[in-house]
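# Structural features, examined
The primary structure of each chain is shown beneath.
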Amino acid sequence: MARRKLYSIVLALSLAGYAWVIYNYMSTLQGGITVCPFRIMTGIPCPSCGTTEAIIHITKGEILKAIATNPLVIVASIMLLVFPLWVSIDLIQKRNSFLSIYIKIEKTLKIRAIAVIAILIILTIWALNIYRYFKL
């Protein structure tokens, strides 16, 4: 992926993510709203369902509760906090460090053993989401 396109996508998604978290943090709706297309169509939560709630827990200092809500909050938090800052620094300093790491991670995920482990982690989180959803 071209540097300009990647950096634009990261910054746009980060802004959208911040807006979504702020909206949900300030929302007075009980239980919030569901925007997950998979959950709306199937009635079953996807692997990332609950991540917004988990990020809200983090903003309140409830780290363990956040991880219990959805372990993907760790990845999402890093992405929301580190990626836009990193991309901005790259743009200011006219560097490509984020792009370089992105390419390395992309190549690493193409290694079959790594891909299988990543898929198993996502499937495990998904199974936990489904279990919690139907347990309630």
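The structure we're discussing is the one just above.
Right, let's walk through the structure included here. (Residues numbered from 1 in each chain as written. Predicted model: local features only at pLDDT ≥ 70, side-chain atom pairs only at ≥ 80, totals over all residues. Heavy atoms only, no water.)

### Regarding the overall build of the protein chain
The line we're drawing: Helix and strand definitions here come from DSSP, where helices need a minimum of 4 consecutive H or I residues and strands a minimum of 2 consecutive E residues; each element is numbered from the N-terminal end. Exposure was quantified through the Shrake-Rupley algorithm and a 1.4 Å probe, taking into account, for residues, occlusion by the shown protein chains and nothing else. All tallies of charge rest on Lys and Arg as positive and Asp and Glu as negative; His and the ends of each chain are not included. For the purpose of locating charges, the reference atoms are NZ of Lys, CZ of Arg, CG of Asp and CD of Glu.
Of regular secondary structure, the protein chain possesses eight helices and zero strands. In the protein chain, the succession of helices and strands from N to C terminus is α-α-α-α-α-α-α-α. Reported as C-alpha extents along the three principal axes, the dimensions of the protein chain are approximately 50 × 40 × 30 Å. In the structure as shown, the protein chain presents an accessible area of about 9600 Å², 71% of it carried by carbon and sulfur atoms. Counting 14 positive and 4 negative side-chain charges, the protein chain places the centres of these two groups 7 Å from one another.

### Things to note about the environment of G43
Going by this rule: Relative accessibility thresholds used throughout: buried, under 20% of the residue-type maximum; exposed, over 50%; partly exposed, between the two (1.4 Å probe, protein chains only). By the convention used here, residues are in contact when the closest approach between their heavy atoms is within 4.5 Å.
Secondary-structure assignment places G43 in the loop between α2 (37–42) and α3 (51–59). In this structure G43 comes out as partly exposed when scored by relative accessible area, which is 28%. It is 29 Å that separates the C-alpha atoms of G43 and V10, two residues lying 33 residues apart in sequence. Ignoring any residue separated from it by four or fewer positions in sequence, one finds G43 in contact with F38, Y133 and F134.

### Here's the deal with the packing of aromatic side chains
In plain terms, the rule: Only Phe, Tyr and Trp rings take part, Trp by its six-membered ring, and two of them pair if their centres are within 6.5 Å. Stacked means planes under 30 degrees apart, edge-to-face means over 60, and tilted covers everything else.
Following the criterion strictly, the structure yields six aromatic pairs and no others. Each ring, one from Y7 and one from F98, has its centre 5.8 Å from the other, and the planes form 75°; the classification is edge-to-face. Here Y7 is found in helix α1 (residues 3–26), whereas its partner F98 is found in helix α7 (residues 97–109), with 91 residues between them in sequence. F98 shares its class with Y7; the two are buried. An aromatic cluster of at least three residues, connected via ring pairs, comprises Y7, F83, W86 and F98.

### A word on the packing of α1 against α3
Operational definition: Only the stretch in contact is used when fitting a helix axis, every axis being a line fitted to C-alpha atoms; angles between N-to-C directions are given from 0 to 180 degrees. Under this scheme an angle from 65 to 115 degrees is roughly perpendicular, one under 35 degrees roughly parallel, and one over 145 degrees roughly antiparallel; angles in between are oblique. Side-chain classes are defined by residue name, with Ala, Val, Leu, Ile, Met, Phe, Trp, Tyr, Cys and Pro counting as nonpolar, Asp, Glu, Lys and Arg as charged, and the others, Gly among them, as polar.
Look at α1 against α3: their axes get within 10 Å of each other, and the N-to-C directions meet at 75°. Judged on the interaxial angle alone, α3 and α1 are roughly perpendicular. For the pair α1 and α3, the contacting residues are W20, V21, N24 and Y25 in the first and T52, I55, I56 and T59 in the second. The residue makeup of the contact of α1 with α3, split by class, is five nonpolar, three polar and no charged.

What is shown is where atoms sit, not what they do.
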